[in-house]
Amino acid sequence: QVQLVESGGGLVQAGGSLRLSCVASGRTISSYNMGWFRQAPGKEREFAAAISWGGGIIYYVDSVKGRFTISRDNAKNTVYLQMNSLKPEDTAVYYCAADLRGNWQYGDATRYDYWGQGTQVTVSS
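Predicted model only: the values in this text are computed from it and were never measured.

Parameters and conventions
- Residues numbered from 1 in each chain as written.
- Predicted model: local features only at pLDDT ≥ 70, side-chain atom pairs only at ≥ 80, totals over all residues.
- Heavy atoms only, no water.
- Disulfide = S-S within 2.5 Å.
- Helix = DSSP H or I, 4+ residues; strand = E, 2+ residues; numbered from the N terminus.
- Buried < 20%, exposed > 50% of the residue type's maximum accessible area, 1.4 Å probe, protein only.
- Salt bridge = Lys/Arg side-chain N within 4 Å of Asp/Glu carboxyl O.

Draft legend 1. Fine view of the state of the cysteines. Counting across every chain of the model gives one disulfide. For Cys22, the disulfide goes to Cys96, at an S-S distance of 1.9 Å. Measuring handedness by torsion sign, the sulfur bridge of Cys22 and Cys96 sits at about 50° and is right-handed. Placement of the pair is Cys22 in strand β3 (residues 18-25) and Cys96 in strand β9 (residues 92-99), with a sequence separation of 74 residues. Cys96 carries the same exposure label as Cys22, and that label is buried.

What follows is the structure in structure tokens.
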């Protein structure tokens with residue numbers, strides 16, 4: 001079992017920044033691919049960013065490229081999402097997820113095995 005706990009969300013003005021953290025417990029995530037997804041009110045959960053187990057492969061949804069940066073510190077069992085130049089349309093609950101099976105399709109939420117409870121990000125205009 002892996003427990004994932006997100007933190008770092010909050011209310012920020014457009015153009016501001018937030019850094020989300022996802023701390024894992026129960027087992028090390030150093031061999032797992034990880035992803036960040038988000039779900040805005042009334043919308044389906046969508047892919048935001050993903051990082052391979054070693055950090056060498058990274059993906060972003062087009063709408064966050066150049067603004068968001070995903071990273072990981074396997075020694076701390078933690079994955080981060082640095083979000084800069086935030087826009088009101090980034091408002092959502094942000095979830096981190098772990099792919100334990102290794103059959104990684106980074107943008108497919110059904111391919112991830114464990115999820116955190118989410119952290120709310122609200123960007124005001």
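After that view, the rundown keeps rolling.
Draft legend 2. Highlighting the pattern of salt bridges. Overall, the coordinates contain six salt bridges when judged by the stated rule. Asp90 serves as the salt-bridge partner of Arg38, at 2.9 Å between the closest nitrogen and oxygen. Taken together, the positions of Arg38 in strand β4 (residues 33-39) and Asp90 in the loop between β8 (78-83) and β9 put the pair 52 residues apart, joining distant regions of the chain. Judged by its relative accessible area of 5%, Arg38 is buried. Across the salt bridge formed by Asp62 and Lys65, the nearest N and O atoms sit 3.0 Å from each other. On the basis of relative accessibility, which here comes to 61%, the residue Asp62 falls in the exposed class. Residues participating in the shared-partner salt-bridge network are Arg38, Glu46, Arg67 and Asp90.

That's the geometry; what it means functionally is another story.
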